[in-house]
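Listed below, chain by chain, are the residues.
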Amino acid sequence: MQRAPLIDHPSLAMPALGFGTFELDGATVRRMVPQVLEMGYRHIDTAQAYDNEQDVGAAVEGSGIARGEVFITTKVWVDRFEPDELRASVRESLDRLRTDYTDLLLLHWPRFDRAGGAGMGPTLEALLREREDGRCRHIGVSNFTIAHLEQAAGIVGDGEIATNQVEYHVYLGQVRLREAMRRTGLALTAYMPLAKGRAIDEPVLAEIGRAHGKSAAQVALKWLVTQPAVAAIPATSSEDHARANLDLFDFELASDEIARIDSLERGERICTPESLQPDWDD
């Protein structure tokens, strides 16, 4: 059984490779989560908006793996950002997940106009209270820009926000954002780490993979999790793909290979929902 190491972060004990459940229906989640836990995954990512928290909860509970061994992330949707709504939504998420706490609780998008027009402060303060009251171990954000992160730090202080979950893959380098996060000690959680499957057909990745006996997808994921304080959460409905995605920790990329992968960056952003996306840094 393989296990992903923890990310290189002083306070966030999060496995560097997780199982994402975005766009997976309930039946698929109930089938896949016990399988990936048996394979050695110990990091499961879900969200209120995915409509599968209840399936994640049932699958983890029925897996035979102790709750304390599984790192669970969920996210508060933008229509629950008003403080009382946020608190109620977290309790609903915990009920669906069949747990007393989440390991990581994120704000899903920076849409604070939906929190009664009061801006970011009340929402972040409510998120902090959830952590203080023990309903989550860590708090974080998703899809925040540099400006949003700076504003958040001004409200809750440096070091309070553990991670920013963003689209990050070989075609979207997130250079400015990553540098800003590195300076402030935030971990990065990469969603769509295979660029919605585009990376599996990348000739550069395939060539590097052949030198290591690995696939292009495995090279793309290895490039991510080799970086300090970066975790990746690929989603798949295939047991074979899930097993291959975890098989990353028996080889290393050489510096010239990393440079070739770095050069694939082309600013290609896939997740751009018109009603939610901010003014991106790139």
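Residues numbered from 1 in each chain as written. Predicted model: local features only at pLDDT ≥ 70, side-chain atom pairs only at ≥ 80, totals over all residues. Heavy atoms only, no water.

Asks: Explain helix 5 (residues 146–156) to me, and be specific about the residues and the numbers.
Replies: For helix 5, the full list of buried residues reads Ile146, His148, Leu149, Ala152 and Val156. All buried residues of helix 5 lie within an arc of 155° about the axis, which places them on one face of the element. Looking at helix 5, the residues exposed on the side facing more than 90 degrees away from the buried face are Glu150 and Gly154. Those residues of helix 5 hidden inside the fold are in contact with helix 4 (120–132), strand 5 (136–142), strand 6 (161–167) and helix 6 (175–184). Positive phi shows up at Gly157, right after helix 5, with a value of about 95°. (Buried < 20%, exposed > 50% of the residue type's maximum accessible area, 1.4 Å probe, protein only. Helix = DSSP H or I, 4+ residues; strand = E, 2+ residues; numbered from the N terminus. Arc of directions from axis to C-beta. Contact = heavy atoms within 4.5 Å.)

Asks: Break down the sheet that holds strand 2 (residues 43–45) for me, with residues and values.
Replies: Spatial strand order, 1-2-3-4-5-6-7-8: 8 strands in an open sheet with parallel pairing. The open sheet is flanked by strand 1 (19–20) and strand 8 (230–232), the only strands paired with a single partner. As paired strands, strand 2 and strand 3 (residues 71–76) are joined by 3 bridges and run parallel to one another. By the bridge assignment, Asp45 is partnered in strand 3 with Thr73. Against the sheet, helix 8 (residues 216–225) makes contact with strand 7 (187–191) and strand 8, and its axis sits at roughly 150° relative to strand 8, the strand it touches most. (Pairing = 2+ DSSP bridges. Axes fitted to C-alpha atoms, helices over the stretch in contact; angles between N-to-C directions.)

Asks: Describe helix 7 (residues 203–212), with residues and values.
Replies: When we look at burial in helix 7, the residues that qualify are Val204, Leu205, Ile208 and Gly209. Summarising the axial view, the buried residues of helix 7 lie within an arc of 130°, below the 170-degree limit, and thus occupy one face. What points out from helix 7, more than 90 degrees from its buried face, is the exposed set Pro203 and Arg210. Summarising the contacts, the buried residues of helix 7 are in contact with helix 8 and helix 10 (255–262). By the N-cap criterion, in which a side-chain oxygen at the helix start approaches the backbone nitrogen of a residue two or three places on, helix 7 is capped by Glu202, the distance to Val204 being 3.2 Å. Remark: Gly213 follows helix 7 within two positions and exhibits a positive phi of approximately 70°. (Polar contact = N/O pair within 3.5 Å; in protein donor to acceptor, adjacent residues only side chain to side chain.)

Asks: Go over unusual backbone geometry, please, and point to the residues and values.
Replies: A negative phi holds for most residues other than glycine; trans holds for most peptide bonds. Residue Arg98 is not a glycine yet carries a positive backbone phi of 60°. By secondary structure assignment, the location of Arg98 is in the loop between helix 3 (83–97) and strand 4 (102–107). Relative accessible area serves as the criterion here: at 46%, Arg98 is assigned to the partly exposed category. For Ala229, which is not glycine, the phi torsion reads 60° and is therefore positive. The topology assignment puts Ala229 in the loop between helix 8 and strand 8.

Asks: An account of the packing of helix 1 (residues 26–39) against helix 2 (residues 53–62) is needed here, citing residue identities and associated values.
Replies: Interhelical geometry of helix 1 versus helix 2 gives an angle of 35° and a closest axis separation of 8 Å. Here the hand of the crossing between helix 1 and helix 2 comes out right-handed. Each of Gly26, Val29, Arg30, Val33, Pro34 and Leu37 in helix 1 lies in contact with helix 2, whose residues at this interface are Gln54, Asp55, Val56, Ala58, Ala59 and Val60. A per-class count over the contact of helix 1 with helix 2 returns 8 nonpolar, 2 polar and 2 charged. (Left-handed = near helix turned anticlockwise from the far one by under 90°. Nonpolar A, V, L, I, M, F, W, Y, C, P; charged D, E, K, R; others polar.)

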